[in-house]
Amino acid sequence: MPLTVATEPSSRLRCISCSATPGSAGQDFRCTDCGDLLEFVFPGRTADPQTLKSLWLSRKTSSNKLDQSGVWRFREMLPYIAEEHAITLREGNTPLYGLPGCARTVGVDSLLAKHQGMNPTGSFKDTGMTFAASSAHRGGFRWVACASTGNTSASMAAYAARGGMRSLVLIPEGKISWGKLSQSLDYGALTCQLRTDFDGCVRVLNELVRRKPVYLLNSVNPFRIEGQKTAAIELLEQLNWEPPDHIIVPGGNLGNSSALGKALLEMHELKMISRLPRLSIIQAQGANPFYRSIKEFGGAKLEPMTANTQATAIRIGNPASWKKALRVMGETGGEVEQVSELEIAEAKAEIGADGIGCEPASAVSLAGLKKLRSRGFVKLGEAVVLVLTGHLLKDPDFTIKFHRGDLFDGTPYEKDAARTHRLQRAPIVLDADLDRVIATLDAAEKAG
Ligand code: F0G
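All values derive from a computational prediction rather than experimental measurement.

Caption draft 1: Seen up close, the overall build of the chain. Each helix and strand counted, the chain has 15 helices and twelve strands in total. Over its C-alpha atoms the chain spans a radius of gyration of 22 Å, differing by no more than 12% from the 22 Å that the globule rule assigns to 448 residues. Structurally, the chain occupies a C-alpha span of about 70 × 50 × 50 Å along its principal axes. Taking the intrachain contacts of the chain between residues at least 6 apart in sequence as the baseline, contacts between residues at least 24 apart amount to 70%. As displayed, the chain has an accessible area near 18700 Å², and 50% of this comes from carbon and sulfur atoms. With 53 positive and 48 negative side-chain charges, the chain shows a separation of 4 Å between the mean positions of the two kinds.

And the structure:
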């Protein structure tokens, strides 16, 4: 059967607020008319769902580098970038795991985790970065740059290095994990730790791109959003195109939720799926500007805040993509929730105990699910997918402190932290003596 799909969909940029359609984007990727964000639209795009699904599946056995990427394999859903510019580490292709222990704890029949931490640099950022870094390559840029809480910078540094570009990283000093910092150093980025928070880094970067010819790789860059869409497409393919009832995702700068929601809406419009999953967004209580925007202002405005959470990846007080996230959450019928520091730590240990593991920011998805379940928004028989955004090894300090029992020392949560003891597995130091090891083993067996 001949393929009826276009391999070069015609895409256009459009402002999310005033609907202007500029021919190209400026250095800051904002609308020159009203200053809001831009997004890609695909006027007149049609597809034969069966043909497209078969084409994507057939690429899984191809040796072509684009086909081996879990992002570029779905390139009919993306703006066109020629193969010669494609920088790929074979990102995407991430597993969908069952979480049986967590499902029991929450009280749902079907709970799956789409583990985006299994990407080449250990976070979901790679799916957007492969596409946006390729766009920088096509533009002939020598330098790329981002502000980051650690994962974007790790990913950007890797893709820039692979594409022969230099990268400038702006990160908040002392507020990102060592694992993430070490990645950007090893991948050769020029790494600046600014004495501010993430939002301060964004402010400096926005000024910088107006002064210097560096290519901005934060998620205001619409190419990032397009690449990140593919995680939702891949998820639907893994579920044999039978959508789950709920998809639950952490919210920081709100690029990821915007991207996943955009993909769901596009797939629904193209009749690739027959119904829409509800996309719900969870924030840490100490970094909850989006939650407050919805609860206090019905989403009419967002008041920036000073953010504080030990889930440092989502320590963000002024999320750039909040309007995009608001739209997709509304159109899919999702909800917003906030979770406390203790709830995040517990959920992380529970995901770990299922043999999967993730970084703290990812665990807000499970903590949020518990709340959505107890509110009755998620029901017993419904199928739920959590998006785990980062790998367990991204932030080993958090994990070790939790299991040693000192994660909350000196914090306002110290008193209540006792409730997390049941989940702690502190390392045990012993003499190198067989009897001591056997006694410890027997005691553990008895304790159950
Ligand atoms: N989970 C992890 C592990 C993250 O690194 C981030 C964001 C998020 C969730 C939130 O995603 O911002 O799209 O809503 N990290 C960014 C960074 C901000 O710089 O690495 P979001």
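That was the structure; now back to the text.
Caption draft 2: Just the sheet that holds strand β5 (residues 143–147), in detail. Pairing is parallel in the open sheet, where four strands are placed in the order β7-β6-β5-β8. Two strands bound the open sheet, and with one partner strand each, they are β7 (190–194) and β8 (214–216). Adjacent strand axes in the sheet meet at a mean angle of 25 degrees, parallel and antiparallel pairs treated alike. Where β5 and strand β6 (residues 166–172) come together, five bridges link them in parallel fashion. Looking at the pairing, A145 lines up with L168 of β6. Where helix α5 (residues 151–162) meets the sheet, its contacts fall on β5 and β6, and the angle it forms with β6 comes to roughly 170 degrees.

Caption draft 3: Inspection of the site of the ligand at higher detail. Contacts to the ligand come from 19 residues, most closely from S148, N253, L254, N256 and T389. K125 is positioned with one of its side-chain polar atoms (N or O) 3.0 Å from a nitrogen atom of the ligand. Interatomic distance of 3.1 Å between a backbone N/O atom of G255 and an oxygen atom of the ligand. Taking 470 Å² as the accessible area of the ligand by itself, protein coverage stands at 98%. Elements that contribute at least two residues to the shell around the ligand include exactly α5 and α9 (255–269).

Caption draft 4: How the structure looks around the pairing of β6. In terms of burial, β6 is largely enclosed, as six of its seven residues are buried. Once the chain exits β5 it traverses α5 before rejoining the sheet at β6, and the crossover so formed is right-handed. Note: β6 against β7, five bridges, orientation parallel. If you follow P172 over to β7, its bridge partner there is L194. Note that the unit made of β6, helix α6 (residues 178–186) and β7 has a crossover that is right-handed.

Caption draft 5: Seen up close, a nonpolar patch on the surface. Judged by side-chain polarity, I428, L430 and V437 come together as a nonpolar surface patch covering roughly 260 Å² of accessible area. Counting through the fold element by element, L430 comes out in the loop between α14 (396–404) and α15 (434–447).

Caption draft 6: The pattern of salt bridges, seen in detail. Enumeration according to the criterion identifies 31 salt bridges in this entry. As a salt-bridge pair, E226 and K262 come within 2.6 Å of each other at their nearest N and O atoms. In this pair, E226 sits in helix α8 (residues 222–238) while K262 sits in helix α9, placing the two residues 36 residues apart along the sequence. In this structure, the salt-bridge partner of E337 is R375, at a minimum N-O distance of 2.7 Å. Separated by 38 residues along the polypeptide, E337 in strand β11 (residues 336–339) and R375 in the loop between α13 (360–374) and β12 (383–388) bring together distant segments of the chain. It is possible to trace a salt-bridge network through shared partners that takes in R45, E226, K229, K262 and E266.

Reading guide: rules and limits
Residues numbered from 1 in each chain as written. Predicted model: local features only at pLDDT ≥ 70, side-chain atom pairs only at ≥ 80, totals over all residues. Heavy atoms only, no water. Helix = DSSP H or I, 4+ residues; strand = E, 2+ residues; numbered from the N terminus. Rg over C-alpha atoms; globule rule 2.2 N^0.38 Å. Contact = heavy atoms within 4.5 Å. Areas by Shrake-Rupley, 256 points an atom, 1.4 Å probe, with all protein chains shown as cover. Lys, Arg positive; Asp, Glu negative; His and termini not counted. Charge placed at Lys NZ, Arg CZ, Asp CG, Glu CD. Pairing = 2+ DSSP bridges. Axes fitted to C-alpha atoms, helices over the stretch in contact; angles between N-to-C directions. Near = heavy atom within 4 Å. Polar contact = N/O pair within 3.5 Å; in protein donor to acceptor, adjacent residues only side chain to side chain. Buried < 20%, exposed > 50% of the residue type's maximum accessible area, 1.4 Å probe, protein only. Right-handed = clockwise from strand over helix to strand, strands pointing away. Patch = residues over 30% accessible without salt bridge, like charges linked within 9 Å, V, L, I, M, F, W, Y side chains within 5 Å. Salt bridge = Lys/Arg side-chain N within 4 Å of Asp/Glu carboxyl O.

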